[in-house]
Amino acid sequence: MLSLALAGKPNAGKSTFYTAATMADVEVGNYPFTTIDANRGVSYARTECPCLDRDRRCDSDNCRDGKRYVPVELYDVAGLVPGAHEGRGLGNQFLDELTDADAILHVVDAAGATNEEGEPVEVGEHDPVEDLDFIEQEMDRWLASIIERNWETIERQSRSPDFDIDDALSEMLTGVGATVADIALVLRNTEYPEDPREWEEEHRRELARELRAQTKPMIVVANKADIAPEGNIDRLREAADRVIPVTADGELALRRGAEAGVVEYDPGDETFDISGDVSDQQREGLEQIRTVTEQWGGTGVQRALNTVVYDVLDQITAYPVENETKWIDGKGRMLPDAVLLDSGSTPLDLAYAVHSDIGEGYLHAVDARESRRISEDHELGKGDVIKIVSTAN
């Protein structure tokens, strides 16, 4: 399962986003370090279900009339403050918890209602653009400090006649959540001396920056967009590559309204209907949320998750089945499973994603949409329905 981390300074709205995206019961408060230990839960990326191409909807609990929700891990860690890489606040704990994240959603207070320490101020008093580089810089310094602490070991190893600097760096960097492939790509794109004793501090800093950029891709969640002063969202978009306007409070209200049966709403919908009895005050609040969703095409929470999964991490969703005609599994359930895979994945990759035994016993695969056998190295596409034939079936 993909692992996504919510990061940002205290009081930017990370815990509210987490609660809205997972409907988990966590503490939400208007003070720094509401979150001490990381909250971990399951959220979902949303895509179109292949059942829309059939004469009935599928049997998965994660499909709502053709809206398919694919599970991902989401976790909310302690807020970051300046100097976190030196252990200030809960910095070391925060950065350690980011090690295994596949991508980071940087939650920024677009309303400018919290200062750089995460302390409440008047709306518009703080410039949210100043927060954009904050996390990247702290992570870069943290990674650079790890490399620095281990550099003496690298230099000692270099005295060996069979020393290979790429191998030595790979061994060191896999401990901070980087794969061998990540490290190989970073080293290929970085210029550095072959002799560790010739490295300068800037070489180690550059390695840290490249490693962070490769292993921890990031988008900006411009939270509190519903109260952000005019122009703040535009300025954030000018300053960062991917910025998603979000009202986590609005999403949470709609999710709770849907649970209570007074609102018709599925996560990611651009609008909603009030279907039950609500007080005048509740109706007024919902209409305020409607104004925001009409402006931004939804609350932005689901869009942020989808952007990370499908655009930043370049995932596709494939659907393994046992019967290629009816698109069902062995229990007769139609399209029961959805699997996220890297773009460019093959039927063999899908087989291993379903179960290692299925992958090891792989024989061939069938494209259920086309009713034809496909090769082992066939590149899967978005929404493919695939039958895997394996000795382990």
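Scroll up for the structure.
The present account deals with the structure reproduced in this document. If you're wondering where the values come from, they're calculated on a predicted model, not measured in any experiment. (Residues numbered from 1 in each chain as written. Predicted model: local features only at pLDDT ≥ 70, side-chain atom pairs only at ≥ 80, totals over all residues. Heavy atoms only, no water.)

1. Here we look at the nonpolar core
Leu4, Phe17, Leu74, Leu105, Val221, Val309 and Leu335 are the most contacted members of the largest nonpolar core, which has 40 residues in total. Elements with a contribution of two residues or more to this core: strand 1 (3–7), helix 1 (14–22), strand 4 (67–76), strand 5 (103–109), strand 6 (218–223), helix 10 (301–312) and strand 10 (315–321). For this core, the element with the highest residue contribution is helix 10, accounting for six residues. Residues in contact with Val221, not counting those within four places in the same chain, are Phe17, Leu105, His106, Val107, Val108, Ile244, Val246 and Ala304. (Core = buried A, V, L, I, M, F, W, Y, C linked by side-chain atoms within 4.5 Å. Buried < 20%, exposed > 50% of the residue type's maximum accessible area, 1.4 Å probe, protein only. Helix = DSSP H or I, 4+ residues; strand = E, 2+ residues; numbered from the N terminus. Contact = heavy atoms within 4.5 Å.)

2. Comments concerning the sheet that holds strand 14 (residues 385–390)
If you trace the five strands from one edge of the open sheet to the other, you get 11-10-14-12-13, paired in mixed fashion. The open sheet has two edge strands, strand 11 (339–342) and strand 13 (372–374), and neither has a second partner. With strand direction ignored, the average angle separating the axes of adjacent strands in the sheet is 45 degrees. For strand 12 (residues 362–367) and strand 14, the ladder comprises five bridges, and the chain directions are antiparallel. For Tyr362, the partnering residue across the bridge sits in strand 14 and is Ser390. Seen against the sheet, helix 11 (residues 347–354) touches strand 10, strand 11, strand 12, strand 13 and strand 14 and runs at an angle of roughly 135 degrees to strand 11. (Pairing = 2+ DSSP bridges. Axes fitted to C-alpha atoms, helices over the stretch in contact; angles between N-to-C directions.)

3. With respect to helix 9 (residues 280–296)
If you check helix 9, its first and last C-alpha atoms are 25 Å apart, about what 17 residues at 1.5 Å a residue would give, namely 24 Å. Buried residues of helix 9: Leu286, Ile289, Arg290, Val292, Thr293 and Trp296, and no others. The arc enclosing the buried residues of helix 9, seen along the axis, measures out at 165 degrees, which places them on a common side. Away from its buried face, by an angle of more than 90 degrees, helix 9 presents the exposed residues Asp280, Gln281, Thr291, Glu294 and Gln295. Close packing links the buried residues of helix 9 with helix 7 (232–239), strand 7 (243–245), helix 8 (248–260), strand 8 (263–264), strand 9 (273–274) and helix 10. Among the residues trailing helix 9, Gly297 stands out with phi positive, at a value near 75 degrees. (Expected span 1.5 Å × (residues − 1). Arc of directions from axis to C-beta.)

4. Examining the side chain of Asn306
Position of Asn306 among the secondary structure elements: in helix 10. The buried category is assigned to Asn306, whose relative accessible area is 19%. Setting aside chain neighbours within four positions, we find Asn306 in contact with Ala45, Arg46 and Asp311.

5. A short note on the pairing of strand 1
Of all five residues in strand 1, five are buried, a share of seventy percent or more. On strand 1, burial covers both faces: Ser3, Ala5 and Ala7 on one face and Leu4 and Leu6 on the other are all buried. Pairing of strand 1 with strand 4, which is carried by four bridges, proceeds in the parallel orientation. Of the residues in strand 4, the one forming a bridge with Leu4 is Leu74. Both strand 1 and strand 5 contribute to a ladder of four bridges, which runs parallel. Its bridge partner lying in strand 5, Ala7 is registered against His106.

6. Re helix 7
What helix 7 keeps buried is the set Asn232, Ile233 and Leu236. The buried residues of helix 7 occupy one face: seen down the axis, they fall within an arc of 95 degrees.

7. Some thoughts on the state of the cysteines
By the definition in use, this model includes zero disulfides. As a non-bridged cysteine, Cys51 has Cys49 as the owner of its nearest cysteine sulfur, 3.5 Å distant. Residue class for Cys51 comes out buried when judged on its relative accessible area of 0%. No disulfide involves Cys63; its sulfur sits 3.5 Å from that of Cys58, the nearest cysteine. Among the residues examined, Cys63 registers a relative accessible area of 13% and is labelled buried. (Disulfide = S-S within 2.5 Å.)

8. Digging into the side chain of Lys216
Within the secondary structure, Lys216 is located in the loop between helix 6 (201–215) and strand 6. Although Lys216 lies buried, it forms no salt bridge, and the closest oppositely charged side chain, Asp100, sits 6.8 Å away as judged by the N-O distance. Within the local environment of Lys216, its side chain forms a polar contact with the backbone oxygen of Ala101, the two atoms lying 3.4 Å apart. Excluding anything up to four places from it in sequence, Lys216 contacts Leu98, Thr99, Ala101, Ile104, Met139, Val176, Gly177 and Leu211. (Lys, Arg positive; Asp, Glu negative; His and termini not counted. Salt bridge = Lys/Arg side-chain N within 4 Å of Asp/Glu carboxyl O. Polar contact = N/O pair within 3.5 Å; in protein donor to acceptor, adjacent residues only side chain to side chain.)

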